Amino acid sequence: RLVRNALELMDHSRIAEGITQSRYPGNSPQQIPTFSLWWIGMLHDYWMYRPDSSFIKDKLPGERQVLSFFERYQQPDGSLKNVPYWVFTDWVEKQKGWNFGMARVGSNGESAVLDFQLLWAYQLAAEMEKKMGLMDFYRLYNARAVQLKQTIQKKYWDENRQLYADTETKDLFSQHTNTLAILTGVISGNKTTALAKKTLTDKTLAPASIYFKFYLHQALVKAGLGDDYLNWLDKWRENIQMGLTTWAEISDVNMARSDCHAWGSSPNIEFYRTILGIDSDAPGFAKVKIEPHIGSINNIGGEIPHPKGKIAVQYKAANGKINAVINLPEK
């Protein structure tokens, strides 16, 4: 009910131009267009985890309004230019070109991070529209996704560094851009793992904060590195060493504030989704995928709620093998 309420309020918050507000209801309006794209991702998440497609179908007109807003700022090749309002990506401080959390923008107004995020929104929207039987919208969004994917590859891929750049001049790079390249499937096959490793180890890349690590970690898991998950939690350990009992909004020790920020709580889901490997594999959680990444852990188990009951797993590792006990709801 809490999730439905959040999705509902965000839908109600949309301004006349089509985007959602970043805080609502409230007496101080604020617009962050990128959060409107994440709202489309939230709709898709809810659709995958709960058998409640009629609720999501009711939200698709709002999803179309958000995409219509961004369409106004797409150039003929699909790339975005000069998106208004506070186009926040992540709290990347002390990095060249990152202004108050906004991703770097090139001399022509282009931004790889924004193009990738719009691509992902088109992909998720197309999938939902198709499954709901709204084929005209599916074809429209799929065609835009295909075009944008080609444009991104042409504009931002740097063959020499084997990385995606933040701008067309290919002199600035970030974990954010390369994370989204993996999550949108712009890069695939063996190149995905190589890109993920470089995204993790190349210290010249603008780093993701505790917030954007939610996406970074999903990309690393998708690239086959999930067994290393526990090694990626230094920022959380740092928060604990600072004496915090909840997670900070900003990673930098000198900037920490709002020390109860939900966007730092991604381990709450990843201990189940990544380490225990329990996830939805079809809308409404109609199919279950079990793909554990226990790394060096020898004995671990847990359970999560499912629309039809609960899913429980227990893993014991010995001699290079895993003994797994998996309990699923009936049917």
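Refer to the structure printed above.
Before going into details, it helps to say that this report is about the structure given with it. As the structure is a prediction and not an experimental result, all values here were calculated from the model.

**Topic: the overall build of the protein chain**
Then, number 1: Each helix and strand in the protein chain was counted, giving 10 helices and seven strands.
Then, number 2: Taking 331 residues into account, the globule formula puts the C-alpha radius of gyration at 20 Å, and the protein chain, at 20 Å, falls close to it.
Then, number 3: Per-residue burial over the protein chain gives 50% buried out of 331 residues.
Then, number 4: Summarising the internal contacts of the protein chain: among those between residues at least 6 apart in sequence, 56% fall at separations of at least 24.
Then, number 5: Between the centroid of the 39 positive side chains of the protein chain and the centroid of its 35 negative side chains there is a distance of 4 Å.

**Things to note about the pairing of strand 6 (residues 309–318)**
Then, number 1: Pairing of strand 5 (residues 299–306) with strand 6 involves eight bridges; the strand directions are antiparallel. Bridged to Gly302 within strand 6 is Val313.
Then, number 2: What sits between the antiparallel neighbours strand 5 and strand 6 is a turn of two residues.
Then, number 3: Here strand 6 pairs with strand 7 (residues 321–327) via seven bridges, running antiparallel. Considered in strand 7, the bridge of Ala318 is made with Lys321.
Then, number 4: The turn joining strand 6 and strand 7, which pair antiparallel and follow one another in sequence, is formed by two residues; a positive phi near 55° is taken by Asn319.

**Thoughts on unusual backbone geometry**
Then, number 1: With omega at -5°, the peptide bond leading from Tyr24 into Pro25 counts as cis.
Then, number 2: Here Pro25 lies in the loop between helix 1 (2–12) and helix 2 (33–49).

**Focus on helix 5 (residues 135–156)**
Residue pairs spaced three or four apart in an α-helix point in one direction, given the helix's 3.6 residues per turn.
Then, number 1: Across its 22 residues, helix 5 extends 31 Å between first and last C-alpha, which sits within 8% of the 32 Å expected from 1.5 Å per residue.
Then, number 2: Lining the buried residues of helix 5 we find helix 3 (53–71), helix 4 (112–131), strand 1 (157–158) and strand 2 (163–164).

**Observations concerning the pattern of salt bridges**
Then, number 1: As enumerated under the stated definition, the model contains 15 salt bridges in all.
Then, number 2: Here Glu71 ties to Arg144 by a salt bridge, and the two come within 2.8 Å at their closest N and O atoms. With a gap of 73 residues between them, Glu71 in helix 3 and Arg144 in helix 5 connect regions that are remote in the sequence.
Then, number 3: Residue class for Glu71 comes out partly exposed when judged on its relative accessible area of 37%.
Then, number 4: Relative accessible area serves as the criterion here: at 16%, Arg144 is assigned to the buried category.
Then, number 5: Lys235 is paired through a salt bridge with Glu238; the nearest N and O atoms lie 3.2 Å apart. Of the two residues, Lys235 and Glu238 both sit in helix 9 (residues 234–241), three residues apart, roughly one turn of that helix.
Then, number 6: It is possible to trace a salt-bridge network through shared partners that takes in Glu8, Asp58 and Lys59.

**Re the sheet that holds strand 6**
Then, number 1: Strand order in this open sheet of three strands is 5-6-7, and the pairing throughout is antiparallel. Edge strands, defined here as strands with exactly one partner in the open sheet, are strand 5 and strand 7. Taking the axes of each pair of neighbouring strands and ignoring which way they run, one obtains an average angle of 15° across the sheet.

**Brief notes about the packing of aromatic side chains**
Then, number 1: Scanning the model with the defined rule gives 27 aromatic pairs in all.
Then, number 2: Here the aromatic rings of Trp91 and Phe100 are separated by 5.1 Å at their centres, their planes lie at 80°, and the arrangement is edge-to-face.
Then, number 3: What makes Trp91 buried here is its relative accessible area of 9%.
Then, number 4: These aromatic residues form a ring-pair network of at least three members: Phe35, Trp38, Trp86, Phe88, Trp91, Phe100, Trp120, Tyr211, Phe212, Phe214, Tyr215 and Trp263.
Then, number 5: It is Arg161 that lies over the ring of Phe173; its NZ or CZ is 4.2 Å from the centre.

Each value, and the rule that gives it
Residues numbered from 1 in each chain as written. Predicted model: local features only at pLDDT ≥ 70, side-chain atom pairs only at ≥ 80, totals over all residues. Heavy atoms only, no water. Helix = DSSP H or I, 4+ residues; strand = E, 2+ residues; numbered from the N terminus. Rg over C-alpha atoms; globule rule 2.2 N^0.38 Å. Buried < 20%, exposed > 50% of the residue type's maximum accessible area, 1.4 Å probe, protein only. Contact = heavy atoms within 4.5 Å. Lys, Arg positive; Asp, Glu negative; His and termini not counted. Charge placed at Lys NZ, Arg CZ, Asp CG, Glu CD. Pairing = 2+ DSSP bridges. Expected span 1.5 Å × (residues − 1). Salt bridge = Lys/Arg side-chain N within 4 Å of Asp/Glu carboxyl O. Axes fitted to C-alpha atoms, helices over the stretch in contact; angles between N-to-C directions. Phe/Tyr/Trp six-rings, centres within 6.5 Å; stacked < 30°, edge-to-face > 60°. Lys NZ or Arg CZ within 6 Å of the ring centre and 35° of its normal.

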